[in-house]
Each structure stands twice: as structure tokens, then as C-alpha cells.
Amino acid sequence: MKIPGLKSTTQDIIPKGLEKKNEAGMSLREEKTLEKEVEKDRVVLGGKAATPVTYGRTSGKRDASSIEKLQAESEKAHEGLRELVRKLLESQGMSFRDLSVSGEGVKVDEATRMKAEEMLGDGGLYSPEAVSERIVSFAKAVSGGDRGKMEELITAIDKGFEEARNLLGGSLPEISNKTYDLIQEKLKIWKEE
């Protein structure tokens, strides 16, 4: 299993095997590299971006408490998935850095496979229903509930899915397509309310 986007940007100064390891078995260099890679995946809300990436100012008032709640839920979900993968790698004597350096595959044990199925299945944290609900809730919160921003929201969502498609070599897994379809259905229902 490869994780797109994980690349080492540090040079080996300390010979491998002599680095000090933390309780997770990662060297300081590996930990900092991972933090930099993870930071690229985060959304910063409340800070000022150099240029607006997706949304400009809206006429409606943004729902700050909903945005904060959704951000916390997203971070919790991300951490749970990251921890699942970390444990899987550790059980095979590997780290996140090993994936980017060696390109080796990862064997998925039955317990991890079952946990992933649970997370992706009906009612799971990453099910199409749950993910689409979080995305639409975020869209409503960030637009301040202004349905007049619908085209801007749809454009932003489409752009996000297109970027994911490009990262994955031009196509998305079926679960992602199902999530996209549910988002479009929910936005249509919201627009018609």
C-alpha cells in the first residue's frame, strides 16, 4: 500500500540505526518529516491565507461554532485513521517514512482489514453517507447558510474531487464516487428547501 504525497525531504546525516527513537519508534527526523507532510493536508480555519483558495467573503454570517465542531470531528477522524495505519506499519517493523523511501508494500492483517471495513461501511466514520454529510454541513456553515453561494460551493467541491482524482492517477475509487453523488443530492435538496 502506498500513501500518495509522503516523500522524504531530509537528507540522511545520521547513519540509519543510530538515530534516537521516540515511543512510537520514529526518529526525530522521521517525526519532523511526517509532521511536515501531515501539515500539508490540514485546513487552517480562522487564520489568514495568503490568497483565498476556495471561498471569498460571503454575505451570510459564517457559523463559527459549526465550523469548529466539524474541524474537531475531522481531526479526530484523521487521527484515528493515522493511528490505525501507524500500528499496522509498526507491526511489520516499518514507519511512514519507510513507505516513501522503500516503496515496499504493506501486508494488511485481518484485524486491520476488518477495522477498515467497519470505518468505510454503513454507519462508519468514512462511509459515503458520513463523509458527504460532513462536507455538506461544512459547506452550509462556511456559506452562512446562504443558498445564493450554491454555485461557488459546488465549484469548490468539484475542484476538491478533481484534485483527488489527479492525485490518484485520474480516477477515484467507487466509494469516492458514491460520496460525490451523495454530496450533489444533499446540496440539491438544500437548494430546494
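Every value quoted in this text rests on a predicted model; they were computed, and no experiment measured them. (Residues numbered from 1 in each chain as written. Predicted model: local features only at pLDDT ≥ 70, side-chain atom pairs only at ≥ 80, totals over all residues. Heavy atoms only, no water.)

**Student:** Can you walk me through helix α2 (residues 64–91) in this structure?
**Tutor:** Side chains of residues three or four places apart in an α-helix project in the same direction, reflecting 3.6 residues per turn. Relative to the 40 Å expected for 28 residues at 1.5 Å per residue, α2 spans 40 Å between its end C-alpha atoms, a close match to the ideal helical length. Residues of α2 that are buried include every one of Ile67, Leu70, Ala77, Leu84, Val85, Arg86, Leu88 and Leu89, and no others. Glycine 93 sits one or two positions beyond α2 and adopts a positive phi of about 70°. (Helix = DSSP H or I, 4+ residues; strand = E, 2+ residues; numbered from the N terminus. Expected span 1.5 Å × (residues − 1). Buried < 20%, exposed > 50% of the residue type's maximum accessible area, 1.4 Å probe, protein only.)

**Student:** How should I be thinking about the pattern of salt bridges in this particular structure?
**Tutor:** It is possible for side chains bearing opposite charge to pair when their charged atoms get close. Enumeration according to the criterion identifies 11 salt bridges in this entry. Of the charged contacts, one joins glutamate 83 and arginine 86 as a salt bridge, the two residues approaching to 2.2 Å between their closest N and O atoms. Here glutamate 83 and its partner arginine 86 are both found in helix α2, 3 residues apart, which amounts to about one turn of the helix. Relative accessible area serves as the criterion here: at 24%, glutamate 83 is assigned to the partly exposed category. According to the relative accessible area criterion, arginine 86 is buried, its value standing at 17%. For arginine 147, the salt bridge identified is with glutamate 193, shortest N-O distance 3.3 Å. In this pair, arginine 147 is assigned in the loop between α5 (128–142) and α6 (150–167) and glutamate 193 in the segment after α7 (174–192), connecting sequence segments 46 residues apart. Given the relative accessible area of 60%, glutamate 193 is considered exposed. A network of salt bridges, in which partner residues are shared, links Glu83, Arg86 and Glu90. (Salt bridge = Lys/Arg side-chain N within 4 Å of Asp/Glu carboxyl O.)

Honestly, it's all geometry; don't read function into it.
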